[in-house]
Structures are given as C-alpha cells and as structure tokens.
Amino acid sequence: ADLEFCVEYRAAPMQRAAIDPILKKTAAAIDAIESAWIHSKFRELMTDRAIVPHYQPIVLLDDPSIIIGYEALARSLVAGLESPKAMFEAAEQMAMEADLSRVCRQRAVEQALRLPRPHRIFLNTHPSEKLKDEVIPSLAILREHMPDVNLVVEVHEGAVQDPKTMLRIIAELKEIDVHVAYDDFAAGQSRLLELVKAPPTYLKFDRCLISGLHEAPVHQQKLIRTLTDIARDFNTLSLGEGIETDLEAAICKDLGMAYGQGYYFG
C-alpha cells in the first residue's frame, strides 16, 4: 500500500495494565505484516533481477582525468529495497545474502558493456559468501559469458582466510583471468600476514582511514605510508576509498596510493 490510515476506538478510560497486552498484540501484528511485505518485495527483486548497477569511477591519482576502472554499486527500483542496506537486510531475513550478492555481480557485468573502454569492473562480495565454493564458480560463469570484461573481485577483509588458502584462491581466480582486491583494509582486523604471503593485485584502504586523513596525526600518516610501501614491494597497487575533498586526494597521493575513489571524483 502507498497510503497510511489509522482507526481510533474510543471507550471508557482503561488502565495501563489493560492496555499493554493490546499494544503487544498490535505490535506483533504490524511486525508480521511488515515482514511478509518485505519478503514479497525481496522475491520480486530476485525473480525480476531488478538490480540497477551504478558505477563509481576509480582514477589515477597522478592524473584524475584518467579513469582506470569502476566499482559496481547495487541499487534497485523495488519499493522499500532501493538501497544496498535495505536489500541485504531483507536477504538476511531469508538467509539469501549470497544469492543476492551473486545477482548483483551478474547484473553489474551485464550492464558494464555500456561503459567506456578499456575499463576494469570491481565486483563486491558478501562476507557470508564462501570464496572457493560460491564466489569462484559464479565468477567462472561470468567469465564464460563475458570474456572481454576485465574483472576484479573485492574480497572483504573479514572473509580473507589464512594465507595458504588465500594464495590458492588468488591462483584459481588468476586462471579465469580475475584479479583480486582486498576491500575495506584497516576497517576491522586486517592482517599484514595475508598481505605479505598472499598479496592481491589491489589493496583498498577503507574510508574510515581516508576521511580527514590530511588532518590525521603524523604517526597515522606514517603507518599508511609504510603499508603502501609494503604493498608496492609485492606489486600490489594501493587505492584510497571514500575520497571527498581535494585535500584527501592530495594526501593519499603523497602517501603512495596509486588510485583514488569517492564522491570527489564521481
């Protein structure tokens, strides 16, 4: 429904103890209706594959006019599920986060053909997805149907496994010509061991580090410079996410990051 209405019943004054059970039953009924509506909308989203990809440019910090790729961001036109947060909250209720993530990647690659070439499409994964059993097979299918699209899969830092396993996963992805980016680096419990023993093609520094970086303490800036130096030693390209000002772009460049992404660029 797109209209809200209320029904008011007036009677003799009631004590709070008598009202509370009625309120609890009403709240339960509303929750049930809302849950059923969300489930219905989510089924519509998945059945119609109604994901609308948006592509945020990733630029060369030495020359921001040069776009080296795009990160595919998921939106939808289904009422109530327009944002990624709403979509994945609904998916979580139905234990379908991995299914939704896979459809988001499919739609992103299908629509990527309209972007300027050459380009790289950075695809997201969900922390609940199993890299070997779910992500790699889905990317292999995409590669088979879209052999000319340059793909990069972003692995959430929480999903990065032990170095030996991660190294095998990177090797398997390389076999189907898919590069790896460690996403949200430094947002949680990112470990240097994986960066050193299983280096990705790209290392994406989380926006929590980038925001106001030009005003950050010197020791924080030194830490990031050290991390970008380590990454460079392993032929890993560093990328700053969430750049929103010229000062943030400048400090990311000064600290050794090769690429930038955020509202400042598009």
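Placed above this text is the structure.
What counts as what
Residues numbered from 1 in each chain as written. Predicted model: local features only at pLDDT ≥ 70, side-chain atom pairs only at ≥ 80, totals over all residues. Heavy atoms only, no water. Helix = DSSP H or I, 4+ residues; strand = E, 2+ residues; numbered from the N terminus. Expected span 1.5 Å × (residues − 1). Buried < 20%, exposed > 50% of the residue type's maximum accessible area, 1.4 Å probe, protein only. Arc of directions from axis to C-beta. Core = buried A, V, L, I, M, F, W, Y, C linked by side-chain atoms within 4.5 Å. Contact = heavy atoms within 4.5 Å. Patch = residues over 30% accessible without salt bridge, like charges linked within 9 Å, V, L, I, M, F, W, Y side chains within 5 Å. Areas by Shrake-Rupley, 256 points an atom, 1.4 Å probe, with all protein chains shown as cover. Salt bridge = Lys/Arg side-chain N within 4 Å of Asp/Glu carboxyl O. Pairing = 2+ DSSP bridges. Axes fitted to C-alpha atoms, helices over the stretch in contact; angles between N-to-C directions. 1 Å grid on protein atoms, 1.4 Å probe; cavity = no way out; pocket = protein on both sides within 12 Å on 5 of 7 lines; lining within 4 Å. Points joined across faces, edges and corners; volume = space filled by probe spheres on them. Nonpolar A, V, L, I, M, F, W, Y, C, P; charged D, E, K, R; others polar. Phe/Tyr/Trp six-rings, centres within 6.5 Å; stacked < 30°, edge-to-face > 60°. Polar contact = N/O pair within 3.5 Å; in protein donor to acceptor, adjacent residues only side chain to side chain.

Asks: Describe helix 5 (residues 163-175), listing the residues and the values that go with them.
Replies: The terminal C-alpha atoms of helix 5, which comprises 13 residues, lie 18 Å apart, in line with the 18 Å expected from a rise of 1.5 Å per residue. Burial in helix 5 covers these residues: Pro163, Thr165, Met166, Ile169, Ile170 and Leu173. Buried residues in helix 5, looked at end-on, bunch into an arc of 160°, giving them a common side. For helix 5, exposure combined with an orientation more than 90 degrees from the buried face picks out Lys164, Arg168, Lys174 and Glu175.

Asks: Before we move on, could you go through the nonpolar core and cite the residues and values that matter?
Replies: Soluble globular proteins tend to pack their nonpolar side chains together in the buried interior. Counting residues in each nonpolar core, the largest one holds 50 residues, and the members touching the most others are Ile121, Leu123, Leu139, Met166, Leu173 and Phe205. In this view, Leu139 contacts Arg105, Leu123, Val153, Leu173, Ile176 and Val178; residues no more than four positions away in its chain are not counted. Judged by nonpolar contacts, the second largest core, of 16 residues, contains Ile38, Ala74, Ala86 and Phe88.

Asks: If you had to explain a nonpolar patch on the surface to someone new, which residues and values would you point to?
Replies: Taken together, the side chains of Leu192, Val196 and Phe234 define a hydrophobic patch exposed on the protein surface, amounting to about 230 Å² of accessible area. For Leu192, the location among the structural elements is in helix 6 (residues 192-197). You can call Leu192 partly exposed: its relative accessible area is 41%.

Asks: Account for the sheet that holds strand 8 (residues 259-261), with residues named and values stated.
Replies: Taken in spatial order, the eight strands close into a barrel running 1-2-3-4-5-6-7-8, and their pairing is mixed. Across the sheet, the axes of successive neighbouring strands diverge by a mean angle of 30°, strand direction being ignored. Relative to strand 8, strand 1 (residues 51-60) is paired through three bridges, and the arrangement is antiparallel. When the sheet's bridge partners are listed, Ile58 is paired in strand 8 with Gln261. Across the face of the sheet, helix 3 (residues 97-111) comes into contact with strand 1, strand 2 (63-76), strand 3 (120-124) and strand 4 (150-156) while running at roughly 65° to strand 1.

Asks: Can you tell me about the layout of surface pockets, naming the residues and giving the values?
Replies: For the largest pocket, the calculated volume is near 820 Å³. As for the largest pocket, its lining consists of 34 residues, of which Glu71, Ala72, Leu73, Pro84 and Asn124 are closest to the centre. For the lining of the largest pocket, the secondary structure elements donating two or more residues are strand 1, strand 2, helix 2 (84-93), helix 3, strand 3, strand 4 and strand 5 (178-185). For the lining of the largest pocket, the element with the most residues is strand 2, which contributes five residues. Taken together, the residues that form the lining of the largest pocket break down as 14 nonpolar, ten polar and ten charged. Reported here for the second largest pocket is a volume of approximately 510 Å³. Taken together, ten residues make up the lining of the second largest pocket; nearest its centre are Leu3, Glu4, Phe5, Ile30 and Ile33.

Asks: Could you give an account of helix 8 (residues 218-233), with specific residues and numbers?
Replies: Taking 1.5 Å per residue, 16 residues should reach 22 Å; helix 8 reaches 23 Å between its end C-alpha atoms and fits that length. Listing the buried residues of helix 8 in full gives Gln221, Ile224, Leu227, Thr228 and Ala231. Taken around the axis of helix 8, the buried residues stretch over an arc of 120°, which confines them to a single face. Of the residues in helix 8, the exposed ones pointing more than 90 degrees away from the buried face are Val218, His219, Lys222 and Asp233. The secondary structure elements touched by the buried residues of helix 8 are strand 5, helix 6, strand 6 (202-205), helix 7 (207-210), strand 7 (237-240) and helix 9 (246-254). Among the residues trailing helix 8, Asn235 stands out with phi positive, at a value near 60°.

Asks: Go over the packing of aromatic side chains, please, and point to the residues and values.
Replies: The description of two aromatic rings rests on the distance between their centres and on the angle between their planes. For the coordinates displayed, the defined rule picks out four aromatic pairs. For the ring pair Phe185 and Phe205, a centre distance of 5.8 Å and an interplane angle of 85° mean the geometry is edge-to-face. One end of the pair, Phe185, is in strand 5; the other, Phe205, is in strand 6, with 20 residues separating them in the sequence. Judged by its relative accessible area of 0%, Phe205 falls in the buried class. Here the aromatic rings of Tyr202 and Tyr259 are separated by 6.3 Å at their centres, their planes lie at 45°, and the arrangement is tilted. Of the two residues, Tyr202 sits in strand 6 while Tyr259 sits in strand 8, which places them 57 residues apart along the sequence. Taken together, the aromatic side chains of Phe122, Tyr202 and Tyr259 make up a single cluster linked through ring pairs.

Asks: Lay out the side chain of Glu71 with the relevant residues and their values.
Replies: Position of Glu71 relative to the elements: it lies in strand 2. For Glu71, a relative accessible area of 6% puts it in the buried group. Within the structure, Glu71 has its side chain in polar contact with the side chain of Lys204 (distance 3.0 Å). Setting aside residues up to four positions removed in sequence, Glu71 forms contacts with His54, Tyr55, Gln56, Ile58, Phe122, Asn124, Glu154, Lys204, Glu241 and Gln261.

In short, shape yes, function no, at least from these values alone.
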